[in-house]
Every structure is written in structure tokens, then in C-alpha cells.
Amino acid sequence: MERAEFWVSLTAGGIAGVCVDLILFPLDTIKTRLQSPQGFKKAGGFHGIYAGVPSAAVGSFPNAAAFFVTYEYVKCLLHAASPPYLSPVTHMVAASSGEVVACLIRVPSEVVKQRAQVSPSSSTFQVLSKTLYQEGIQGFYRGYKSTVLREIPFSLVQFPLWESLKDLWSWKQGHVVDSWQSATCGAFAGGFAAAVTTPLDVAKTRIMLAKAGSSNASGNVRSALHSVWRSQGLPGLFAGVVPRMTAISLGGFIFLGTYDKTRRLLL
């Protein structure tokens, strides 16, 4: 990857991340409260819908930038060494690598954001201070494994599907897709990926919100899923699926469309 392309990917990814996180934050809050152990109303209902937004605002640019820089770098690396028919595998590996790196930034931001979302009476700074005091730095990485286990399957579905839909649309119309067409492909790919990975998102939320010392606080995804299954069954595993699909479909449109448009403007 050339130096100019590196900075373009970093800037385009960061701008796209900030846009989607701030625009769709209310839907994310509703989804988190639906998935929380205390239930939607006790977690705040529709009150304080922007609780935790400072954490999202601070973390979104570096998180998205880290993902796209890694994604584009690995994709360039693998494209040069693999035949065209392995293109979907290239996108899967690139997206998975991007998620592992981005989660180093995303998880601390997500822990503070989600805890603030279910405690609207506490400020983001109070949540951050309490987490640091009670659990130390490792408390900010509670749920790292579960987040990676959610994001990798999500990316394995979303990015190859996004790239394939763009290629198909380009082939059908005889020229490269426009930014709005890329965004439409992103919306479909994101919504589908969101639906099939909702149980992993529920497990991640329960682990991040669990009280220190509880069974879910250990970070065991299988145990968290089993606990939800026993207490709430299938509806519990798919709690928040509608706002999650809606947010990620719209997010896919804004995120991937903004990324594509910004790259074209800067390159």
C-alpha cells in the first residue's frame, strides 16, 4: 500500500465511522437496553437516549480508521499473491484482520458507552472513573474476546457480500458502481450480517454489563449464550434484532457509502 493510499484509507474510514456512530446512536442505545439483563425500562427506556455518546465520539474515528487501514493493507497484500477466484477469501481475511486490530480501540470505548447507556443518570466520565477504580485497565477490555467473536463472523458475511454485490451491479450496468450504489449494497450486506450475528451481540452486551465477579464477567461467550437461552429462550438470543438490523442497514449505507465517496474524492 502506497503512503498516499494509507492516509486516504485512514481519513475515509475515520470520517465514515464518526458519521455513522453519531447519526445512529439513539438506535444503538435502544438495542443495548433491550439486551441488558435488567430489561428495557429499568435500563432507562427512552430516557437519556444519548447517554454514552462522548465515548462513541472519541472512539469512532480511530476505531474505523484502524479497521480500514488494516483492511485495505491486507487486501492489497493478498490480491497480489492470489488468483481472482479467491477474491471472497481475500476479503474475508482482510476484514477479519481489520476487526482484530480495530477491537483494541473499539472495546474500551464500547464498555464505557454501553455502561453509560444503561445508567443514564451517570455521566460518561463517572462510568469511566468507576470502571478504572473497580476493575483497573483490564476492565476496559472486558468482552474483547466476545467482541472479536461477534465482529469476525459479521465481517465474514458483510464484506465479501458487499464486494460481490458491487461487482455484480458493476457488471450489470457496464461500469463501476457510484457511491450511492455502493452504499445500497452496504446497507443490504450489513442488515443481513446483523441479523445472523445478533446472538453473539447479545452475549457481548451481557458480558460487558455484567457485575464484577459474576459468571458472565469471566467473558465466556458460550456460558453467556447458555444463560440467556435458559432464562429467555430464542427471543432472548435475538433481543434487539430489529433496532440492530435497522441501525446496521442504515449504518452500512452511511458508513460504506461515505467511505467510498471520501476515497474517490481524496485519491
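See the structure printed just above.
Notes on the structure follow. (Residues numbered from 1 in each chain as written. Predicted model: local features only at pLDDT ≥ 70, side-chain atom pairs only at ≥ 80, totals over all residues. Heavy atoms only, no water.)

### Focus on the overall build of the chain
Argument step 1. Regarding its fold elements, the chain presents 10 helices and zero strands.
Argument step 2. For the chain, the N- to C-terminal ordering of α and β elements is α-α-α-α-α-α-α-α-α-α.
Argument step 3. Computed over its C-alpha atoms, the radius of gyration of the chain comes to 18 Å, within 12% of the 18 Å expected for a compact globule of 267 residues.
Argument step 4. Summarising its shape, the C-alpha atoms of the chain cover approximately 55 × 35 × 35 Å along the three principal directions.
Argument step 5. The buried share among the 267 residues of the chain stands at 52%.
Argument step 6. Put simply, 78% of the contacts in the chain that link residues at least 6 apart link residues at least 24 apart.
Argument step 7. Total accessible area on the chain is roughly 12,500 Å²; 68% of this is exposed by carbon and sulfur atoms. (Helix = DSSP H or I, 4+ residues; strand = E, 2+ residues; numbered from the N terminus. Rg over C-alpha atoms; globule rule 2.2 N^0.38 Å. Buried < 20%, exposed > 50% of the residue type's maximum accessible area, 1.4 Å probe, protein only. Contact = heavy atoms within 4.5 Å. Areas by Shrake-Rupley, 256 points an atom, 1.4 Å probe, with all protein chains shown as cover.)

### Observations concerning the nonpolar core
Argument step 1. In this structure, F67, F68, Y71, F159, W162, F255 and L256 are the most contacted members of the largest nonpolar core, which totals 20 residues.
Argument step 2. For this core, the elements supplying multiple residues, two or more each, are α1 (3-23), α3 (53-81), α4 (87-117), α6 (144-173), α7 (179-196) and α10 (241-266).
Argument step 3. The greatest single-element share of this core, amounting to five residues, is contributed by α3.
Argument step 4. With residues near it in sequence (within four places) discarded, W162 still touches S182, C185, G186, A189 and L256.
Argument step 5. C103, V107, V111 and V148 belong to the second-largest nonpolar core, a separate cluster that totals five residues. (Core = buried A, V, L, I, M, F, W, Y, C linked by side-chain atoms within 4.5 Å.)

### A word on the pattern of salt bridges
Argument step 1. Per the counting criterion, the structure on display carries 15 salt bridges.
Argument step 2. Where K204 meets E110, a salt bridge forms, and the shortest distance between an N and an O atom there is 2.7 Å. With a gap of 94 residues between them, K204 in helix α8 (residues 198-209) and E110 in helix α4 connect regions that are remote in the sequence. For the residue pair K204 and E110, the accessibility class agrees, reading buried in each case.
Argument step 3. R115 is the salt-bridge partner of E135, the closest N and O atoms lying 2.9 Å from each other. You can see E135 sitting in helix α5 (residues 124-135) and its partner R115 sitting in helix α4, a full 20 residues away along the chain. The two residues E135 and R115 agree in class, both being buried.
Argument step 4. Taken together, the shared-partner salt bridges connect D28, K31, E99, R106, E110, K113, R150, E151, D201, K204 and R244 into one network. (Salt bridge = Lys/Arg side-chain N within 4 Å of Asp/Glu carboxyl O.)

### With respect to empty space enclosed by the protein
Argument step 1. Scanning all chains against the criterion turns up one cavity of 30 Å³ or more.
Argument step 2. By volume, the largest cavity amounts to about 830 Å³.
Argument step 3. A total of eight residues in the lining of the largest cavity trace back to one element, the largest contributor, which is α10.
Argument step 4. Partitioned by chemical class, the residues of the lining of the largest cavity number 14 nonpolar, eight polar and 11 charged. (1 Å grid on protein atoms, 1.4 Å probe; cavity = no way out; pocket = protein on both sides within 12 Å on 5 of 7 lines; lining within 4 Å. Points joined across faces, edges and corners; volume = space filled by probe spheres on them. Nonpolar A, V, L, I, M, F, W, Y, C, P; charged D, E, K, R; others polar.)

### Some words on the layout of surface pockets
Argument step 1. For the largest pocket, the calculated volume is near 570 Å³.
Argument step 2. Elements represented by at least two residues in the lining of the largest pocket include exactly α5 and α8.
Argument step 3. Here the lining of the largest pocket gets six residues from one element, more than from any other, and that element is α5.
Argument step 4. A class-by-class count of the residues in the lining of the largest pocket yields six nonpolar, eight polar and six charged.

### Some points on the environment of V8
Argument step 1. In this fold, V8 is placed in helix α1.
Argument step 2. Take V8: its relative accessible area is 8%, and that puts it in the buried class.
Argument step 3. Taking the C-alpha atoms as reference, V8 lies 9.7 Å from Y259; in sequence the two are 251 residues apart.
Argument step 4. Ignoring anything within four residues of it in the chain, the contact list for V8 reads R263, L266 and L267.

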